[in-house]
Amino acid sequence: QVQLVESGGGLVQAGASLRLSCAASGRTFSSYAMGWFRQAPGKEREFVAAIRRSGGSTYYADSVKGRFTISRDNAKNTVYLQMNSLKAEDTAVYYCAAERGGMLTANRRQYDYWGQGTQVTVSS
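Residues numbered from 1 in each chain as written. Predicted model: local features only at pLDDT ≥ 70, side-chain atom pairs only at ≥ 80, totals over all residues. Heavy atoms only, no water.

1. What about the overall build of the protein chain?
- Counting its regular elements, the protein chain contains zero helices and eleven strands.
- Reading the protein chain from its N terminus to its C terminus gives the helix and strand order β-β-β-β-β-β-β-β-β-β-β.
- For 124 residues, the compact-globule formula gives about 14 Å, and the C-alpha radius of gyration of the protein chain, at 13 Å, lands near that figure.
- Taken over the C-alpha atoms alone, the protein chain extends approximately 40 × 25 × 25 Å along its principal axes.
- The buried share among the 124 residues of the protein chain stands at 43%.
- For the protein chain, the accessible area works out to roughly 6300 Å², and carbon and sulfur atoms hold 43% of it.
- Of note, the protein chain has its 15 positive side-chain charges centred 4 Å away from the centre of its 9 negative side-chain charges. (Helix = DSSP H or I, 4+ residues; strand = E, 2+ residues; numbered from the N terminus. Rg over C-alpha atoms; globule rule 2.2 N^0.38 Å. Buried < 20%, exposed > 50% of the residue type's maximum accessible area, 1.4 Å probe, protein only. Areas by Shrake-Rupley, 256 points an atom, 1.4 Å probe, with all protein chains shown as cover. Lys, Arg positive; Asp, Glu negative; His and termini not counted. Charge placed at Lys NZ, Arg CZ, Asp CG, Glu CD.)

2. Side note on the environment of Y113
- Within the secondary structure, Y113 sits in strand β10 (residues 113-114).
- According to the relative accessible area criterion, Y113 is buried, its value standing at 16%.
- The spacing of Y113 and A97 is 16 residues in sequence and 5.4 Å in space, taken between C-alpha atoms.
- Sequence-distant contacts of Y113, that is, excluding residues within four places in its chain, are made with Q1, V2, L4, Y32, C96, A97, A98 and R100. (Contact = heavy atoms within 4.5 Å.)

3. Let's talk about the nonpolar core
- With 35 residues, the main nonpolar core has L4, M34, W36, L81, M83 and Y94 as its most contacted residues.
- Mapped by element, the contributors of at least two residues to this core are β3 (18-24), β4 (33-39), β5 (46-51), β7 (68-73), β8 (78-83), β9 (92-99) and β11 (118-123).
- Those residues within four positions of L81 in sequence are excluded, and the remaining contacts are L18, R19, L20, W36, V48, A49, F68, T69, I70 and Y94. (Core = buried A, V, L, I, M, F, W, Y, C linked by side-chain atoms within 4.5 Å.)

4. Here we look at the side chain of R38
- Assignment of secondary structure puts R38 in strand β4.
- Looking at R38, the relative accessible area reads 6%, which means it is buried.
- One polar contact links R38 to Y94, side chain to side chain, over a distance of 2.9 Å.
- If near-sequence neighbours (up to four positions away) are discounted, R38 is found in contact with E44, R45, E46, V48, S63, V64, F68, E89, D90, A92, V93 and Y94. (Polar contact = N/O pair within 3.5 Å; in protein donor to acceptor, adjacent residues only side chain to side chain.)

5. Let's talk about the packing of aromatic side chains
- In total, this model carries six aromatic pairs according to the counting rule given.
- Grouping aromatic residues by their ring pairs yields a cluster made of F37, F47, Y59, Y111 and W114.
- One cation-aromatic arrangement involves R45 over Y95; the distance from NZ or CZ to the ring centre is 3.6 Å.
- Stacked on the ring of W114, the Lys or Arg R45 has its end atom at 5.0 Å from the ring centre. (Phe/Tyr/Trp six-rings, centres within 6.5 Å; stacked < 30°, edge-to-face > 60°. Lys NZ or Arg CZ within 6 Å of the ring centre and 35° of its normal.)

Below is the structure:
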């Protein structure tokens, strides 16, 4: 089992940057593909980015491509989401998730473990 704890959220102005972190417990972190999702008020949880076990492949939602970067440090059991050029529409609770099969997927139902989320608010 994996426990995930997100951090790094906050209130920023449009155009600013934030880096989210997700720390994982357990010795098997490197065996999981990892993803970031977000959920705005009144909306469904949506895919943001995913990264394979080794970090060699990544996948992004079109809405964040070119602005956000997902990365991981398996030695630190941590996955990151660097968010640049933030927009008001990026405002949401951001969640990290772990997928046991190591698949690079945008389907939230394929993820097995979830963190509690961290709030990101972008003022325009």
